[in-house]
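The lines below spell out each chain.
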Amino acid sequence: MTSQAVPSYEPPQVRRIVTEIPGPRSRELQERRKAAVPPGVGSVLPVYVTDAGGGVVVDADGNSLIDFGSGIAVVNVGNANARVAERVKAQVERFTHTCFMVAPYESYVAVCEALNRITPGDHDKRTFLVNSGAEAVENAVKIARYATGRQAVVAFDHGYHGRTLLTMTLTAKSMPYKHGFGPYASDVYRMPMAYPFRWPTGPDDCGPEAAAQAIDQISKQIGADAVAAVVIEPIQGEGGFIEPAPGFLPAIADFCRENGIVFIADEVQTGFARTGDLFACEHEGIVPDIVTTAKGIAGGLPLAAVTGRADLMDRVHGGGLGGTYGGNPVACEAALAVLEEIEASGLVARAREIGEVMLPRLRELAGKHAEIGDVRGRGAMTAIEIVHPGTKEPDAARTAELARRCHQAGLLVLTAGTYGNVLRFLPPLVIPMDLLNEGLDILGEALAG
Ligand SMILES: *Cc1c(COP(=O)(O)O)cnc(C)c1O
C-alpha cells in the first residue's frame, strides 16, 4: 500500500475571468487542433484546460470557470481528487499493465467485489471490467443474448447508450450520433418513454400509460418470448435528464421478470452518488438483472463495469468476455479511491444537498422566465428545458445562446436533449456551496438577458 500522504492540490476555488472566453491562448490551440483533429470530435467550450479541481476548471489563459459539467458526470469526487491521485501514483510506480486475461492482480477483484456489494439487490452477483460505457452496454447485451438464447433488444425513445455500432443503434437520436453511420445493428426495437413534460395526457398518468404502451408494443411487435433484454437508463442523460414518470420503471421491470427478459439498467451517467442515491435504480427500488457503470466510477480514468446476476454472468464460456485494457490496474486503484471518497466524504448525502439548493432556485427562475418549460432532476443531476414561452415548442437556438452567455460569464454548462433544448447541470459533488450558488446567479443573469 502507499507509504506517504500526497498533499492535495486544488486550484483556488474562485471564478475569475481575465480574458474573453475562449482567450487568445485557447484560440491559438484551437487553430492547431483544427489542423490535427477532425471536426467530428466536438468540444462544448474550447478553452484549453491546465488545471481543475473542486468546483473549478482553469484554462490556458488563466481563466477559472465554475464547473457544472464534471466532464459529463465523471469527476463526481472532483478532479485530481487527492485519494485518487495518491493511489494512481503509487500504482503507476509499481506496474501499469499486465492484462488481467494474461496475469491478474488483486485490485481488479476488489473493484468487482465492491460493485457486487453496492449495486442494487443482495443476490449473488458477478462483475467484469471494460474501458467505456459503450463497451459495458455492448457486453451486457452479449451476455443477455447468450443467457436467454434470444436476440431482440428493446431500447427507448430519447435513450443514449454510446457510439459503437450496437450502442449507437440503441441510441434514439439520429443527429449527431447515428446520421450517416448506417447500416445499424439488427434486432433492436424502440419503445415510448415516460417523459412527463411531453406526455400527451399530462404527467399524472404518464408512468402507467407509457408502460402499458411499451408492453403492448413489445408483445405485439416482437413477442415477449423473443426478447433477450430491455436496456434503459433510470434517468435518461443525453436525452435531456428525463426522469421516467413514477411507476414506469417498476412496471417494465416486472414485465421483464414475468417474461424471462434480462432487465439492463444503464447507470453509466446516473451511478456513483450522482442522483442522491448510490445508483438511480434505488429511488423506486428497482433491482436490475444487469447494471452497466462507467463515467463516475474512477475519477476520470477510463474504466467501466458490467455487474449482473451470477446465474446469467457465469453462463458465458471461458474466454468469451474481456479485452486488452479492461480493468487496467491504474484505473482499478482510482475506482477503489473513488469508492472510499464517496463513503468518507458522504457524497450521497452531498448530492442530495446540491439538489436541495439547485431545484428550488431553478423553480424560482422558472417562475420568472416563461421560457423555462420544465425543471427536473434528482440530486446533483438537474436540468431546465427551454421552450418558446407559452408553448412546449423546443427552443434550441435560445438554449445554445444561454449556454454561450453562461460560458462567457465563467460558468461551464452543458446542453442535452433530443431537441437540443435542455441545459443540464452536473457539478462535481465536492463543489463549494458558494460556487454552486454563484453558478446559479450566473444562470439567472443569462436568462435575464
Ligand atoms: C456516456 C454514456 C454511455 C457511453 O459511455 P462512453 O464511456 O462514452 O462509451 C452509455 N450510456 C449512458 C447512459 C451514458 O451516459
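Residues numbered from 1 in each chain as written. Predicted model: local features only at pLDDT ≥ 70, side-chain atom pairs only at ≥ 80, totals over all residues. Heavy atoms only, no water.

Under an unreviewed UniProt entry, the chain has the name 4-aminobutyrate aminotransferase and belongs to Actinomadura barringtoniae. Recorded in UniProt under Sequence similarities (unreviewed entry), the annotation for the chain is "Belongs to the class-III pyridoxal-phosphate-dependent aminotransferase family." Its UniProt record, at the heading Cofactor (unreviewed entry), says of the chain: "pyridoxal 5'-phosphate". (UniProt positions renumbered as here; feature names shortened; annotations may be inferred.)

A. Representation of the overall build of the chain in the model. Across its full length, the chain holds 13 helices and 15 strands. A compact globule built from 449 residues would reach a C-alpha radius of gyration of about 22 Å, and the chain, at 22 Å, matches this within 12%. Seen through its C-alpha atoms, the chain measures out along the principal axes to roughly 60 × 60 × 45 Å. Split into buried and exposed, the 449 residues of the chain put 54% on the buried side. For the chain, the share of sequence-separated contacts (at least 6 apart) that also reach a separation of at least 24 residues comes to 74%. Of the accessible surface of the chain, which amounts to about 18,200 Å², a share of 53% is contributed by carbon and sulfur atoms. (Helix = DSSP H or I, 4+ residues; strand = E, 2+ residues; numbered from the N terminus. Rg over C-alpha atoms; globule rule 2.2 N^0.38 Å. Buried < 20%, exposed > 50% of the residue type's maximum accessible area, 1.4 Å probe, protein only. Contact = heavy atoms within 4.5 Å. Areas by Shrake-Rupley, 256 points an atom, 1.4 Å probe, with all protein chains shown as cover.)

B. Expanded view of the sheet that holds strand β5 (residues 152–156). Within the open sheet, the seven strands sit side by side as β4-β10-β9-β8-β7-β5-β6. Their pairing is mixed. Each edge of the sheet is formed by a strand with only one pairing partner; in this case those strands are β4 (125–130) and β6 (188–191). Each neighbouring strand pair of the sheet contributes to a mean axis angle of 20 degrees, computed without reference to strand direction. Strand direction decides the pairing type here: strand β8 (residues 262–266) and strand β9 (residues 290–293), joined by three bridges, are parallel. Paired with Ala265 across the bridge in β9 is Val291. On top of the sheet, helix α5 (residues 133–148) reaches β4, β5, β7 (227–232), β8, β9 and β10 (304–309); it is set at about 25 degrees to β10, its chief contact. (Pairing = 2+ DSSP bridges. Axes fitted to C-alpha atoms, helices over the stretch in contact; angles between N-to-C directions.)

C. Representation of unusual backbone geometry within the structure. Of the consecutive residues Met175 and Pro176, the connecting peptide bond is found in the cis state with omega at 10 degrees. Following the sequence through the fold, Pro176 ends up in the loop between α6 (165–170) and β6. In this model, Gly182 is joined to Pro183 through a cis peptide bond whose omega is 5 degrees. Even without being glycine, Ala80 reaches a positive phi, approximately 50 degrees. You can see Ala80 is positioned in the loop between α2 (70–73) and α3 (82–94). The exposure class assigned to Ala80 is partly exposed, which follows from its relative accessible area of 48%. Residues other than glycine seldom take positive phi values, yet His158 does so here, at roughly 70 degrees. Mapping His158 onto the fold places it in the loop between β5 and α6.

D. Structural view of the pattern of salt bridges. Within the structure shown, the criterion is met by 26 salt bridges. Among the salt bridges present, the one from Arg87 reaches Glu333, with a minimum N-O distance of 2.6 Å. Residue Arg87 is located in helix α3, and its partner Glu333 is located in helix α10 (residues 329–344); the two are separated by 246 residues in the primary sequence. A relative accessible area of 16% means that Arg87 is categorised as buried. We note a salt bridge from Asp254 to Arg257, for which the minimum N-O separation is 3.0 Å. (Salt bridge = Lys/Arg side-chain N within 4 Å of Asp/Glu carboxyl O.)

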